[in-house]
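Below, each chain spelled out in residue letters.
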Amino acid sequence: MPAFISIEPTNICNLQCPECPTGNKSSIVPKGKMQLELCKTLIPQIKQSVLFANLYFQGEPFVNESIIEIIKLAEDANIPTSISSNAHFITPQNADEIVKSGLTKLIISLDGYNQESYEKYRRNGSFQKVLDGMKAIQEAKKRQKSHFPLVELQCLLFKHTETHTDEIRAIGKLYGADIVAFKTAQFYDAQNIDMLPSNKNSRYSVTNGTLNIKKELKNRCWKMWSSCIIAWNGNVLPCCFDKNHTFAFGSLDSKNLEQIWHSEAYNSFRKTVHTNRKQIKMCQNCSE
């Protein structure tokens with residue numbers, strides 16, 4: 001059984017990030033929110049094997065009104081949790097609930113150093129709302145004398161952010177982030193090629209206007225044996241690159257996770273990954 005799992009509270013988001021299938025509306029997956037009952041069915045199936053749960057995939061987790069209950073279900077089963085958020089729904093009114101929930105780690109995306117730079121990627125977003133959300137969490141942690149959730153301020157490296165890492169680190173320090181992390185960005189095509197950072201901060205090389213991933217694609221993937229995604233509708237997916245549920249090996253509506261994890265279809269896919277990975281389209285854009 002998987003040692004790590006991602007549970008998707010929702011695939012709905014308030015922002016329109018151009019390289020996100022949810023934000024740019026290229027995703028063909030119906031929109032919805034995970035029902036609490038589905039989570040109550042899932043948690044007992046994984047509590048003996050899962051070491052850590054990410055409560056995010058596509059969408060903004062705090063759009064789901066049951067997110068606090070979902071966190072508590074995992075934490076009550078002794079499964080540490082993390083959430084990745086754009087922080088627009090973190091307020092002084094719900095910050096105390098978030099801290100009390102037992103959430104282990106809160107990743108806050110801040111792909112900019114002021115409103116102008118932030119909205120280049122986080123379209124329809126408010127830089128100030130992110131700062132206000134971080135402030136609300138820190139004040140709630142102080143009130144409750146809690147070290148958790150650990151706050152990671154995360155920034156994607158684009159052309160407009162890669163030369164401003166010192167400013168972003170300073171923002172993290174000012175607002176009490178425990179970690180400030182910088183990540184390379186995933187692109188799906190050359191449409192937004194003008195946003196690519198310098199070669200050292202990019203997963204890709206560019207040849208005649210075509211993106212090519214730098215990393216050699218080898219016939220192996222540790223995620224096939226260690227983790228999976230549970231989408232909001234109960235679909236079980238092999239990894240976070242399967243944005244359109246192309247390889248949904250079953251649904252928790254009709255089978256339990258162990259049956260799906262050990263199914264013939266799942267094992268056949270693992271075999272393909274380990275023998276001819278380049279034939280799987282989503283793997284061709286993978287940096288793992």
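Reading guide: rules and limits
Residues numbered from 1 in each chain as written. Predicted model: local features only at pLDDT ≥ 70, side-chain atom pairs only at ≥ 80, totals over all residues. Heavy atoms only, no water. Helix = DSSP H or I, 4+ residues; strand = E, 2+ residues; numbered from the N terminus. Rg over C-alpha atoms; globule rule 2.2 N^0.38 Å. Buried < 20%, exposed > 50% of the residue type's maximum accessible area, 1.4 Å probe, protein only. Contact = heavy atoms within 4.5 Å. Areas by Shrake-Rupley, 256 points an atom, 1.4 Å probe, with all protein chains shown as cover. Lys, Arg positive; Asp, Glu negative; His and termini not counted. Charge placed at Lys NZ, Arg CZ, Asp CG, Glu CD. Pairing = 2+ DSSP bridges. Salt bridge = Lys/Arg side-chain N within 4 Å of Asp/Glu carboxyl O. Expected span 1.5 Å × (residues − 1). Patch = residues over 30% accessible without salt bridge, like charges linked within 9 Å, V, L, I, M, F, W, Y side chains within 5 Å. Phe/Tyr/Trp six-rings, centres within 6.5 Å; stacked < 30°, edge-to-face > 60°. Lys NZ or Arg CZ within 6 Å of the ring centre and 35° of its normal. Core = buried A, V, L, I, M, F, W, Y, C linked by side-chain atoms within 4.5 Å. Axes fitted to C-alpha atoms, helices over the stretch in contact; angles between N-to-C directions. Parallel < 35°, antiparallel > 145°, perpendicular 65-115°, else oblique. Nonpolar A, V, L, I, M, F, W, Y, C, P; charged D, E, K, R; others polar.

Draft legend 1. Representation of the overall build of the protein chain within the structure. When its secondary structure is counted, the protein chain shows 9 helices and 10 strands. Taking 288 residues into account, the globule formula puts the C-alpha radius of gyration at 19 Å, and the protein chain, at 19 Å, falls close to it. With respect to the three principal axes, the spread of C-alpha positions in the protein chain is 50 × 50 × 30 Å. Across the 288 residues of the protein chain, 52% fall into the buried class. Considering only contacts within the protein chain whose residues lie at least 6 apart along the sequence, 68% involve residues at least 24 apart. Approximately 13,800 Å² of the protein chain is accessible, and the part contributed by carbon and sulfur atoms is 49%. Computed over 35 positive and 28 negative side-chain charges, the separation of the two mean positions in the protein chain equals 4 Å.

Draft legend 2. View of the sheet that holds strand β1 (residues 4-7). Spatially, β6-β5-β4-β3-β2-β1-β9-β10 is the arrangement adopted by the 8 strands of the open sheet, whose pairing is mixed. This sheet does not close on itself; its edge strands, each paired only once, are β6 (179-184) and β10 (236-237). Here strand β2 (residues 52-54) pairs with strand β3 (residues 81-85) via 2 bridges, running parallel. The residue of β3 that forms the bridge with Asn54 is Ser82.

Draft legend 3. View of the pattern of salt bridges. Under the definition given, this model contains 7 salt bridges. A salt bridge links Glu152 to Lys105; its shortest N-O distance comes to 2.7 Å. Of this pair, Glu152 sits in strand β5 (residues 150-157) while Lys105 sits in strand β4 (residues 105-109), and the two are 47 residues apart along the sequence. Using a relative accessible area of 8% as the deciding quantity, one classes Glu152 as buried. The exposure class of Lys105 is partly exposed, given its relative accessible area of 23%. Across the salt bridge formed by Asp111 and Arg122, the nearest N and O atoms sit 2.7 Å from each other. Here Asp111 is found in the loop between β4 and α4 (115-118), whereas its partner Arg122 is found in the loop between α4 and α5 (127-144), with 11 residues between them in sequence. On the accessibility criterion, Asp111 (0% relative accessible area) is buried.

Draft legend 4. Just α5, in detail. Here α5 spans 26 Å end to end across 18 residues, near enough to the 26 Å set by a 1.5 Å rise per residue. Inspection of α5 places Phe127, Val130, Leu131, Gly133, Met134, Ala136, Ile137, Gln138, Ala140 and Lys141 among the buried residues, and these make up the whole buried set. Elements in contact with the buried residues of α5: α3 (95-100), β4, α4, β5 and α6 (165-174). Within two residues after α5, Lys145 carries a phi angle of roughly 50°, on the positive side.

Draft legend 5. Local environment of a nonpolar patch on the surface. Judged by side-chain polarity, Phe4, Leu51 and Trp222 come together as a nonpolar surface patch covering roughly 340 Å² of accessible area. As for its placement among the helices and strands, Leu51 is situated in the loop between α1 (36-46) and β2. With relative accessibility at 56%, the residue Leu51 sits in the exposed group.

Draft legend 6. The arrangement of the packing of aromatic side chains in detail. Going through the model one piece at a time under the given rule, you end up with 8 aromatic pairs. Geometrically, the ring pair formed by Phe187 and Tyr204 is edge-to-face, given 6.2 Å between the ring centres and 85° between the ring planes. One end of the pair, Phe187, is in the loop between β6 and β7 (204-207); the other, Tyr204, is in strand β7, with 17 residues separating them in the sequence. The class of Phe187 is buried, set by a relative accessible area of 1%. Grouping aromatic residues by their ring pairs yields a cluster made of Phe247, Phe249, Trp261, Tyr266 and Phe269. Just above the ring of Phe241 sits the side chain of Lys243; from NZ or CZ to the centre is 5.4 Å.

Draft legend 7. The arrangement of the nonpolar core in detail. Counting 75 residues, the largest nonpolar core has Ile5, Ile230 and Leu257 as its most contacted members. With 7 residues, α5 is the largest single contributor of residues to this core. Sequence-distant contacts of Ile5, defined by excluding residues within four places in its chain, comprise Ile46, Val50, Phe52, Ala53, Asn54, Cys228, Ile230 and Leu257.

Draft legend 8. Examining the environment of Phe57 more closely. Locating Phe57 in the fold gives a position in the loop between β2 and α2 (67-76). Distance in space between the C-alpha atoms of Phe57 and Phe247 is 15 Å, their sequence separation being 190 residues. The residues contacting Phe57, other than those within four sequence positions of it, are Glu8, Ile229, Leu237, Cys240, Asp242 and Lys243.

Draft legend 9. Representation of the environment of Cys286. Position of Cys286 relative to the elements: it lies in the segment after α9 (264-276). Not counting chain neighbours up to four residues away, the residues in contact with Cys286 comprise Ile213, Phe241 and Arg277.

Draft legend 10. Spatial organisation of the packing of α1 against α2. Where α1 meets α2, the axes come as close as 10 Å, and the angle between the chain directions of the two elements is 10°. Judged by the inter-axis angle, α1 sits roughly parallel to α2. When α1 is examined against α2, the residues Leu36, Cys39, Lys40 and Ile43 are found in contact with a partner set consisting of Glu69, Ile70, Leu73 and Ala74. Among the residues forming the contact of α1 with α2, the class breakdown is 6 nonpolar, no polar and 2 charged.

Purely geometric stuff here, so don't read any function into it on its own.
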